[in-house]
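Next come the chains, spelled out residue by residue.
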Amino acid sequence: MSILSWIEDQRKLKLLNAPKYNQPDSDVSQGLWTRCDHCGVILYIKHLKENQRVCFGCGYHLQMNSTERIEYLIDTGTWRPFDETVSPCDPLEFRDQKAYTERLKDAQERTGLQDAVQTGTGLLDGIPVALGVMDFNFMGGSMGSVVGEKITRLIEYATQEGLPIILVCASGGARMQEGILSLMQMAKISAALHVHQNCAKLLYISVLTSPTTGGVTASFAMLGDLIFAEPKALIGFAGRRVIEQTLQEQLPDDFQTAEYLLHHGLLDLIVPRSFLKQALSETITLYKEAPLKQRGRIPYGKRGPMTKIREEQIRRFTNSPKNPEYQTLLNDFTELLYLLNQEKNFEVFDQQILTKALKLACKTETSINWLNFESKEFSVRPIFN
Ligand SMILES: [Zn+2]
């Protein structure tokens, strides 16, 4: 360590230990004054808020809560929140120094939110968008089952309505108090995003703010068609110390900052907060003309009229050629194909085709051209065109 970096470290340590000029144990927005985390300048909160919580001294982007962000990004009076009453429960009856239910209650009283995310729709410079904003003040923005569910519902709504999605991430990762249930949210959100992006061909922009770490980075934060970040934001999966201990080597000073990640190709753009709304609206305006996008026609979550048990019965039946009824059914089906095809040399019938045909026949909701006479092939996958 060079002498300069040592001095820098000492200065930072001093800043960390210095008393903050707001009330202890209270929300940062409650006091009158606060201190910049980066340069240590004392800031008047009212002016800081007017400057979108960007430090006057050094331009550092301080943390912003979800309500402020929505006010800043969405046109006044157009915000329509979703699922405001969905609230977490305590399936594991988890307890560390404090019971999980108590932690939840504290956080809910302090922030006025039910969980660490706000979702909804609104106009961004007149463009309708679906927006989800995570709130770091609620238990470190951790992703529990409520966060996962609200984001998934938002994505599904956006898919049906053909809206672009913007998710503003600020999170410490998955919520350990909910164990495996919180990890499952990663897969759930990713699956919903897959339908949104790849089947409906709709836009998803993720905006990474400081800090975005853990399970959130490992799932939806990095899945954006475009990934924006705020300057100097901390973005990573595991913490710096853990990586240093694992690799047994010194990491660069700017490791896990937005600038470092942009340089290494993980991000698309670093946008200062004051330009974020403009950058988003211009990007979405460009995307408006995208030719391939689909709207409202995605058969997501739709099921045929059959119950699971009936489907299983049919599956077993079609897999048992020794069943006397099987041969009758196969003959009928062959005859039907002859009639449809008006051709005598149609000799592709086997058990597999019968299985597929039965499955398709059961799903009366689909309107897929499942039989292509030219290529004599069955298509069982829905076609998005
Ligand atoms: Zn500063």
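Residues numbered from 1 in each chain as written. Predicted model: local features only at pLDDT ≥ 70, side-chain atom pairs only at ≥ 80, totals over all residues.

A. How the structure looks around the overall build of the chain. Within the chain, the secondary structure is distributed over 13 helices and 11 strands. With 385 residues in all, the chain has 27% of them scored as buried. Sequence-distant contacts in the chain: of pairs separated by 6 or more residues, those separated by 24 or more amount to 65%. (Helix = DSSP H or I, 4+ residues; strand = E, 2+ residues; numbered from the N terminus. Buried ≥ 20, exposed ≤ 12 C-beta atoms within 10 Å, placed from the backbone. Contact = placed C-beta atoms within 7 Å.)

B. Main features of the environment of Leu266. Relative to the elements of secondary structure, Leu266 occurs in the loop between helix 9 (258-263) and strand 9 (269-270). Its 15 C-beta neighbours within 10 Å are what place Leu266 among the partly exposed residues. With 38 residues separating them along the chain, Leu266 and Phe228 place their C-alpha atoms 10.0 Å apart.

C. Inspection of the pairing of strand 7 (residues 204-212) at higher detail. Extensive coverage of strand 7 is indicated by the burial of nine of its nine residues. In this view, the connection linking strand 6 (residues 165-171) to its parallel neighbour strand 7 by way of helix 6 (residues 180-199) has right-handed handedness. The pairing of strand 7 with strand 8 (residues 226-229) spans four bridges and is classified as parallel. Its bridge partner being in strand 8, Ser206 is matched across the sheet by Ile227. (Right-handed = clockwise from strand over helix to strand, strands pointing away. Pairing = 2+ DSSP bridges.)

D. Structural context of the pairing of strand 8. Summarising the sheet, strand 8 and strand 9 pair through two bridges and their orientation is parallel. Across the sheet, residue Phe228 finds its bridge partner in strand 9, namely Leu269.

E. Structural context of the nonpolar core. Residues Ile165, Ile166 and Cys169 are the most contacted members of the largest nonpolar core, which totals 54 residues. If we ignore the near neighbours within four places in the chain, the residues touching Ile166 are Val129, Leu131, Ile205, Val207 and Leu280. (Core = buried A, V, L, I, M, F, W, Y, C linked by C-beta atoms within 7 Å.)

F. The arrangement of the packing of helix 5 (residues 145-161) against helix 6 in detail. Closest axis-to-axis distance for the helix 5/helix 6 pair is 9 Å, and the angle between their directions is 10 degrees. Overall, the two elements helix 5 and helix 6 adopt an arrangement that is roughly parallel. Where helix 5 approaches helix 6, its residues Ser145, Val147, Gly148, Ile151, Thr152, Ile155, Glu156, Ala158 and Thr159 are matched on the opposing element by Leu181, Ser182, Gln185, Lys188, Ile189, Ala192, Leu193, Val195 and His196. Class assignment for the residues of the contact of helix 5 with helix 6 results in nine nonpolar, seven polar and two charged. (Axes fitted to C-alpha atoms, helices over the stretch in contact; angles between N-to-C directions. Parallel < 35°, antiparallel > 145°, perpendicular 65-115°, else oblique. Nonpolar A, V, L, I, M, F, W, Y, C, P; charged D, E, K, R; others polar.)

G. Quick look at the environment of Tyr72. Here Tyr72 shows up in helix 3 (residues 66-73). Distance in space between the C-alpha atoms of Tyr72 and Leu276 is 9.5 Å, their sequence separation being 204 residues. In contact with Tyr72, not counting residues within four places along its chain, are Gln52 and Lys277.

H. Inspection of the sheet that holds strand 9 at higher detail. The seven strands lie next to each other as 3-4-5-6-7-8-9, forming an open sheet whose pairing is mixed. At either margin of the open sheet sits one strand with a lone partner, and together these are strand 3 (80-82) and strand 9. Strand direction decides the pairing type here: strand 5 (residues 127-134) and strand 6, joined by four bridges, are parallel. Bridged to Gly132 within strand 6 is Leu167.

I. Layout of unusual backbone geometry. A cis amide bond links Ser210 to the next residue, Pro211, at an omega of -10 degrees. Here Pro211 is to be found in strand 7. Unlike most non-glycine residues, Met139 shows phi in positive territory, near 45 degrees. Structurally, the position occupied by Met139 is in the loop between strand 5 and helix 5. At Gln256, a residue that is not glycine, the phi angle is positive and equals roughly 65 degrees.

J. Representation of helix 3 in the model. Buried residues of helix 3: Ser66, Arg69 and Leu73, and no others. Along the axis of helix 3, the buried residues cluster in a sector spanning 60 degrees; they form a single face. (Arc of directions from axis to C-beta.)

K. Fine view of helix 6. Helix length check: helix 6 (20 residues) gives 28 Å between terminal C-alpha atoms against 28 Å at 1.5 Å per residue, within 8%. At its buried positions, helix 6 is contacted by helix 5, strand 6 and strand 7. Lys201 occupies a position one or two residues after helix 6 and carries a positive phi of about 55 degrees. (Expected span 1.5 Å × (residues − 1).)

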